[in-house]
Amino acid sequence: MMVHTIDLMFQGAPQAIAAFLIEGPDGLALVETGPESTLETLVAGIETAGFAASDVADVLVTHIHLDHAGAAGWWAANHGSRVHVHPRGARHLIDPSRLMESATTVYGDRMKTLWGGMTPAPEEKVHAVDDGGIVSAAGLQFEALDTPGHARHHHVWTVNGEAFAGDVAGARLPGWDFLSVTSAPPQFDLEAYEASIDRLLARNFEKLHLTHFGTVVDVGEHLEAYRHEVRSSAEFVRDRLNEGMDGDSLQVAYHAWNLERAFIAELPNEVWRQYDLANPAPMCADGLRLYWEKHANR
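These remarks concern the structure in this document. (Residues numbered from 1 in each chain as written. Predicted model: local features only at pLDDT ≥ 70, side-chain atom pairs only at ≥ 80, totals over all residues. Heavy atoms only, no water.)

### Digging into the overall build of the protein
- Each helix and strand counted, the protein has 11 helices and 12 strands in total.
- When its C-alpha atoms are laid out on the principal axes, the protein stretches across 55 × 40 × 35 Å.
- The 298 residues of the protein split such that 55% are buried.
- When contacts within the protein are restricted to residue pairs at least 6 apart in sequence, long-range pairs at least 24 apart make up 68% of them. (Helix = DSSP H or I, 4+ residues; strand = E, 2+ residues; numbered from the N terminus. Buried < 20%, exposed > 50% of the residue type's maximum accessible area, 1.4 Å probe, protein only. Contact = heavy atoms within 4.5 Å.)

Here is the structure:
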């Protein structure tokens, strides 16, 4: 098995969103597609690896957020690729209208520039996979691990001792130890997130492939440290809410707190900007805030 990490150069910036082309003994599979706005870059990356887009028979997405699965329907509609997804996400790939409407309310006029469209996937090409389900693709056996916390419809895909972790193992750029907590609204759940990280720890994976961004080999250390950061981030937001801070002020405070963490970690400004593009802190503050607002006894 060979994993080709394709940098989708989201918004012209490196190492924000990755897609993974898996070269198996019997063909190709694609894990994550990125948004349709980066399709041209993804196809070019596949061609640079020596293949054609039409060679991709199977697409596996960790969840249906646009930065991970926005282009999944395009592969099904244009190349007949089978798309494998969490059962809670399948209907949104078949009919993405509600997903796109929701995203448009958030991004407004920036919607097309950031994400492009979202092609509906033919229903017969969408395969909903339950927890522990096995997908045979490219001559390999991929196992689906239900891993909620970032979203209720989140899978980690595992194969040959490696895990494609989506957003449940955080954002970390190559060459840096700094961890950015992926807590985008509206489904962040602290307890579920911690349980999912524990589940990954128990599997002793040799490698984690992060959509934001690249491959982690110090898996145990990464996950232990990330578990701590998830809890710390959630508690920071809880404490600000208990002090009476409103949502707008909380976005500013959480961004500043993360910027301070980046300064302590000696991140250069350009690296911090990469992190903030891949996983914007104000957006993540909203996800954490919504969680605590649902838990009155915080």
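Having put the structure on the table, let's press on.
### Some thoughts on the sheet that holds strand β4 (residues 56-60)
- An order of β1-β2-β3-β4-β5-β6 is seen for the six strands of this open sheet, with the pairing classed as mixed. If you trace the sheet from one side to the other, it starts and ends with β1 (2-7) and β6 (126-128), each paired once. On average, each strand axis in the sheet is tilted by 25° relative to the strand beside it, whichever way the strands run.
- Its contacts with the sheet place helix α1 (residues 39-48) against β1, β2 (18-24), β3 (27-31) and β4, and it is angled at close to 145° to β1.
- Of the strands in this sheet, β5 (82-85) and β6 are in contact with helix α4 (residues 87-94), which crosses β5 at around 140°. (Pairing = 2+ DSSP bridges. Axes fitted to C-alpha atoms, helices over the stretch in contact; angles between N-to-C directions.)

### A word on the pairing of β3
- Most of β3 is tucked away: four of the five residues are buried.
- Alignment of β2 against β3, held across five bridges, turns out to be antiparallel. When the sheet's bridge partners are listed, Leu21 is paired in β3 with Leu30.
- Connecting β2 to the antiparallel partner β3 that follows it, the hairpin turn spans two residues.
- In this sheet, β4 lies alongside β3 in parallel orientation, the contact comprising four bridges. Bridge pairing in β4 links Leu30 to Val59.
- A crossover connection joins β3 to the parallel β4 through α1; in handedness this β-α-β unit is right-handed. (Right-handed = clockwise from strand over helix to strand, strands pointing away.)

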